Amino acid sequence: MPTRDLDYRCDDVNLRGYLAWNDNAAGPRPGVLVFHEGLGLGEFAMERVRRLADLGYIALAADMFGDRRQASNLQQVATLVGGLRAEPEKLRGRAALAALANLPDVDTSRLAAIGFCFGGSVVLELAREGADLKVVVSFHGVLATKMPAQPGRVKASVLVLTGAEDPLAPPDQVTAFENEMREGHVRDWQVISYGNTLHGFTNPAADGSMMRTALYNEQADRRSWAAMRGLFDEVLT
């Protein structure tokens, strides 16, 4: 499977994404953005990009921090993520949507975005902005925002996949998000909550060592990926 780095820019920041596609797929096909966790663009997001390419999509992992910067501890995560969350416009500007749409063979009428943890928040911000996306899927993302969806602005189908025991998306935040979707007159949205499941449930490297409440859950990982694929099959193909 072909893969390569893809550099793009936002203001004066160089961003280094990771692209994968399937040479066996012919003609225009859907493009999918993948947004990394708070640690930065690493092997986990890249593996998901390759998995999507295996399914026939052109997939691009965005680099939200610049120069593929990596965090090594929670303090660095807080600094990198906090700076972008405080400025939603900057966060949305680094999202690589134009870089994906400009690639050969990408069908710009069938674009999607998925994100994990911090990346799950990013895809929801894109949806709230009214980005030209058919689908956004948030895996264990924070659901709160400084810029709630305005009535009629969200174009995408929205799928939120969350752990019922995730302290970063507690029940009151889930309820507030659901109310935001209703008040924003979002046409197609759903929330799936996985019982006995903590934060970071899709990443096998999440073993609780860096963050006690981030723990891989094979069942929730498998079911959430299947839920995403089902929605993609319905909306993108």
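Residues numbered from 1 in each chain as written. Predicted model: local features only at pLDDT ≥ 70, side-chain atom pairs only at ≥ 80, totals over all residues. Heavy atoms only, no water.

(A) A look at the side chain of Glu37. Locating Glu37 in the fold gives a position in the loop between strand E3 (29-35) and helix H1 (43-54). Once residues within four sequence positions are removed from consideration, Glu37 is found in contact with Phe44, Phe65, Phe116, Cys117, Phe118, His140 and Asn203. (Helix = DSSP H or I, 4+ residues; strand = E, 2+ residues; numbered from the N terminus. Contact = heavy atoms within 4.5 Å.)

(B) Layout of H1. In this model H1 runs 16 Å from its N-terminal to its C-terminal C-alpha over 12 residues, within 8% of the 16 Å that 1.5 Å per residue would give. Taken as a whole, H1 has its buried residues at Phe44, Ala45, Met46, Arg48, Val49, Leu52 and Ala53. Remark: Gly56 follows H1 within two positions and exhibits a positive phi of approximately 105 degrees. (Expected span 1.5 Å × (residues − 1). Buried < 20%, exposed > 50% of the residue type's maximum accessible area, 1.4 Å probe, protein only.)

(C) Structural view of the pattern of salt bridges. Summed over the entire model, instances satisfying the criterion amount to 12 salt bridges. The residue Glu180 makes a salt bridge to Arg128 at a minimum N-O spacing of 2.7 Å. Of this pair, Glu180 sits in helix H6 (residues 171-183) while Arg128 sits in helix H5 (residues 118-129), placing them 52 residues apart in sequence. In this structure, the salt-bridge partner of Asp132 is Lys155, at a minimum N-O distance of 2.5 Å. Residue Asp132 is located in the loop between H5 and strand E6 (135-139), and its partner Lys155 is located in the loop between E6 and strand E7 (157-163); the two are separated by 23 residues in the primary sequence. A relative accessible area of 44% means that Lys155 is categorised as partly exposed. Bridged by salt links that share partners, the residues Glu47, Arg48, Arg51 and Asp221 form one connected network. (Salt bridge = Lys/Arg side-chain N within 4 Å of Asp/Glu carboxyl O.)

(D) Structural detail: the packing of aromatic side chains. Inspection of the entire model under this criterion finds six aromatic pairs. Residues Phe65 and Phe118 carry aromatic rings whose centres are separated by 5.8 Å and whose planes lie at 25 degrees to one another, so their mutual orientation is stacked. In this pair, Phe65 sits in the loop between strand E4 (58-62) and helix H2 (74-85) while Phe118 sits in helix H5, placing the two residues 53 residues apart along the sequence. For Phe65, a relative accessible area of 2% gives the class buried. Following the ring pairs from residue to residue traces out a cluster consisting of Phe44, Phe116, Phe139 and Trp225. One cation-aromatic arrangement involves Arg48 over Trp225; the distance from NZ or CZ to the ring centre is 5.0 Å. Geometry around Trp225 places Arg51 over its ring, the cationic atom sitting 4.9 Å from the centre. (Phe/Tyr/Trp six-rings, centres within 6.5 Å; stacked < 30°, edge-to-face > 60°. Lys NZ or Arg CZ within 6 Å of the ring centre and 35° of its normal.)

(E) Geometry of the pairing of E7. E7 sits mainly inside the fold: seven of its seven residues count as buried. Burial along E7 is two-sided: the face carrying Ser157, Leu159, Leu161 and Gly163 and the face carrying Val158, Val160 and Thr162 are both buried. Alignment of E7 against strand E8 (residues 189-194), held across six bridges, turns out to be parallel. When the bridges of E8 are listed, Val160 appears paired with Val191. (Pairing = 2+ DSSP bridges.)

(F) Region of the structure containing unusual backbone geometry. You will see that Cys117, though not glycine, has its phi angle at about 60 degrees, which is positive. You can see Cys117 is positioned in the loop between strand E5 (106-116) and H5. Although it is not a glycine, Asn196 adopts a positive phi angle of roughly 55 degrees. Of note, Asn196 is situated in the loop between E8 and helix H7 (218-235).

(G) Focus on the sheet that holds E6. As summarised here, the arrangement of the eight strands in space is E1-E2-E4-E3-E5-E6-E7-E8, forming an open sheet in which the pairing is mixed. Because the sheet does not close on itself, it has two edges, and the strands there are strand E1 (3-10) and E8. The sheet shows a mean angle of 20 degrees between the axes of neighbouring strands, direction not considered. Strands E1, strand E2 (13-20), E3, E4 and E5 of the sheet are contacted by H1, whose axis makes an angle of about 45 degrees with E2. (Axes fitted to C-alpha atoms, helices over the stretch in contact; angles between N-to-C directions.)

(H) The arrangement of the layout of surface pockets in detail. Put simply, the largest pocket is a space of about 650 Å³. Lining the largest pocket are 32 residues, with Glu37, Gly38, Leu39, Cys117 and Met210 positioned closest to its centre. For the lining of the largest pocket, the secondary structure elements donating two or more residues are H1 and H2. Top contributing element to the lining of the largest pocket by residue count: H2, with six residues. Partitioned by chemical class, the residues of the lining of the largest pocket number 16 nonpolar, 12 polar and four charged. (1 Å grid on protein atoms, 1.4 Å probe; cavity = no way out; pocket = protein on both sides within 12 Å on 5 of 7 lines; lining within 4 Å. Points joined across faces, edges and corners; volume = space filled by probe spheres on them. Nonpolar A, V, L, I, M, F, W, Y, C, P; charged D, E, K, R; others polar.)

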